[in-house]
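Commentary on secondary and tertiary structure
Single-letter residue listing:
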Amino acid sequence: MSVVFDTATLPPRDRLPALIATLEQTTLRADRKLELTPGQDAVSARLETWQVGPVALLRANMPGMSTTRSAAHVRASPTSMLTVSLLPSRTGRREHEHRRYVARPGACEVFDYSRPLRFDWSGQDSPIGMFLDADDLDLPGDTIAAATGHLHTSPLHSLLTTQLASMIDHADGLTGDPAAEQLGHACIELIRAVLISAAEHGPCDGTAVPAHLLMRQILDFTRRRATDPDLHVPTIAAAHHISVRRLYRLCAEAGISLEQRLIAARLDHARHLLSAPAAHQRSIAAIAHASGFRDPTHFTRRFRQRYGLTPGQWRAEHKVPRASGLPPTTAGA
């Protein structure tokens with residue numbers, strides 16, 4: 001255990017400024033405004049921290065306070081830090097990107113400091129929290145934002161509160177355990193699952209299924225939607241509720257280039273259109289666009305690279321005659 005602050009060691013007049021300075025230096029380490037509700041003489045606080053692999057734990061017996069991270073703070077001091085906190089017995093009020101919530105006692109709250117927020121509560125309490133790098137979650141920011149203020153709605157929420165409270169209770173023994181690193185990563189996985197659930201993505205969300213099944217879903221989705229000109233890697237990632245970084249990692253592990261798969265599917269669709277009788281009157285540019293290409297020149301170049309012929313040459317060589325609608329004649333008729 002590391003006791004980073006204890007007002008018992010300070011004269012009353014120095015406690016308030018010292019507590020604010022300690023919070024600023026040891027928790028978020030990014031610009032924000034902190035205000036404590038009582039006067040200097042009433043301040044009594046003790047902060048304890050533990051490092052468990054990639055996550056940090058905090059227990060703070062301290063007076064009520066408010067913390068504000070404005071849009072100006074976010075611009076001046078960007079951070080990917082995220083916290084999951086639990087206020088045991090007090091009700092707090094919070095605002096996140098102009099949306100207001102009530103923080104229920106005994107419920108976990110997520111704080112994404114890459115976005116503007118405000119939180120306050122009154123009275124003496126002992127909040128506990130877990131600090132982690134949001135990048136480790138491999139989730140789109142919109143998923144985290146959608147879950148903000150709603151963690152208690154997830155059926156997984158009680159697992160998270162129990163995990164957090166239990167880890168705080170046993171933190172002294174966890175930090176030196178040889179499995180501390182693995183435990184920290186397991187906490188990140190649990191937080192990811194709760195965020196997905198709370199954001200109401202449901203059990204079929206991409207981050208909640210095995211990688212090989214997710215990759216199969218991604219490839220099938222890409223094949224079915226290939227002719228949409230607006231389909232790109234970021235939209236594919238968003239459709240499966242994963243980050244672009246996680247999508248690229250999944251593709252690398254599977255030895256797949258998603259961009260090349262997408263282009264191949266579009267070229268295959270164009271090839272069939274070029275030889276289809278119903279599309280004989282359509283221009284090459286129209287077929288390119290109908291196959292998902294915005295630039296006909298780029299389409300022609302990629303088509304020739306793949307098939308050895310320009311789209312026009314392919315059409316001329318593989319053109320299927322349009323049916324006349326008349327029955328075929330027979331010899332001697």
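Heads up: these notes are all about the structure in this document. Fair warning: this is a prediction, and the values are worked out from it, not measured in the lab.

How each quantity is defined
- Residues numbered from 1 in each chain as written.
- Predicted model: local features only at pLDDT ≥ 70, side-chain atom pairs only at ≥ 80, totals over all residues.
- Heavy atoms only, no water.
- Phe/Tyr/Trp six-rings, centres within 6.5 Å; stacked < 30°, edge-to-face > 60°.
- Helix = DSSP H or I, 4+ residues; strand = E, 2+ residues; numbered from the N terminus.
- Buried < 20%, exposed > 50% of the residue type's maximum accessible area, 1.4 Å probe, protein only.
- Arc of directions from axis to C-beta.
- Contact = heavy atoms within 4.5 Å.
- Core = buried A, V, L, I, M, F, W, Y, C linked by side-chain atoms within 4.5 Å.
- Expected span 1.5 Å × (residues − 1).
- Salt bridge = Lys/Arg side-chain N within 4 Å of Asp/Glu carboxyl O.

1. Here we look at the packing of aromatic side chains
- Tallying each qualifying case throughout the model produces seven aromatic pairs.
- Within the aromatic cluster, the residues linked to one another by ring pairs are Phe-293, Phe-299, Phe-303, Tyr-307 and Trp-314.

2. Describing the environment of Ser-243
- Its place among the elements puts Ser-243 in the loop between α8 (233-239) and α9 (244-254).
- With relative accessibility at 14%, the residue Ser-243 sits in the buried group.
- For the pair Ser-243 and Thr-143, spaced 100 residues apart in sequence, the C-alpha to C-alpha distance is 9.8 Å.

3. Focus on α9
- Of all the residues in α9, the buried ones are Arg-246, Leu-247, Leu-250 and Cys-251. Summarising the axial view, the buried residues of α9 lie within an arc of 135 degrees, below the 170-degree limit, and thus occupy one face. Exposed residues pointing more than 90 degrees away from the buried face of α9 are listed as Ala-252 and Glu-253.
- Residues of α9 that are buried sit in contact with α7 (211-224), α8 and α10 (258-275).
- Looking one or two residues beyond α9, the residue adopting positive phi is Gly-255, at roughly 70 degrees.

4. Overview of the environment of Pro-88
- If you trace the backbone, Pro-88 turns up in the loop between β6 (81-86) and β7 (92-96).
- Take Pro-88: its relative accessible area is 38%, and that puts it in the partly exposed class.
- With 40 residues separating them along the chain, Pro-88 and Ile-128 place their C-alpha atoms 8.1 Å apart.
- Aside from chain neighbours lying at most four places away, what touches Pro-88 is Pro-105, Gly-106, Asp-125, Ser-126 and Pro-127.

5. Remarks on the nonpolar core
- Leu-57, Leu-137, Leu-151 and Leu-195 are the most contacted members of the largest nonpolar core, which has 34 residues in total.
- A total of nine residues in this core trace back to one element, the largest contributor, which is helix α6 (residues 180-198).
- Discounting residues that sit within four places of it in the chain, Leu-195 has contacts with Val-110, Leu-137, Leu-139, Thr-143, Ile-144, Ala-147 and Leu-151.
- Membership of the second largest hydrophobic core comes to 19 residues, among which are Val-43, Met-65, Phe-111 and Phe-119.

6. Quick word on α6
- Compared with an ideal rise of 1.5 Å per residue, which puts 19 residues at 27 Å, α6 spans 27 Å between its outermost C-alpha atoms and is within 8% of the ideal.
- Here α6 has its buried residues at Ala-180, Gly-184, Cys-187, Ile-188, Leu-190, Ile-191, Arg-192, Val-194, Leu-195, Ile-196 and Ala-198.

7. Some thoughts on the pattern of salt bridges
- Here the structure, examined in full by the defined rule, presents 14 salt bridges.
- With a shortest N-O distance of 3.9 Å, Arg-46 and Glu-48 are connected by a salt bridge.
- Accessibility expressed as a relative area gives 31% for Arg-46, which makes it partly exposed.
- For Glu-48, a relative accessible area of 8% corresponds to the buried category.
- The partner of Asp-230 in a salt bridge is Arg-294, and the shortest N-O contact between them spans 2.2 Å. In this pair, Asp-230 is assigned in the loop between α7 and α8 and Arg-294 in the loop between α11 (284-290) and α12 (296-307), connecting sequence segments 64 residues apart.
- Exposure remark for Asp-230: the relative accessible area of 45% places this residue in the partly exposed category.

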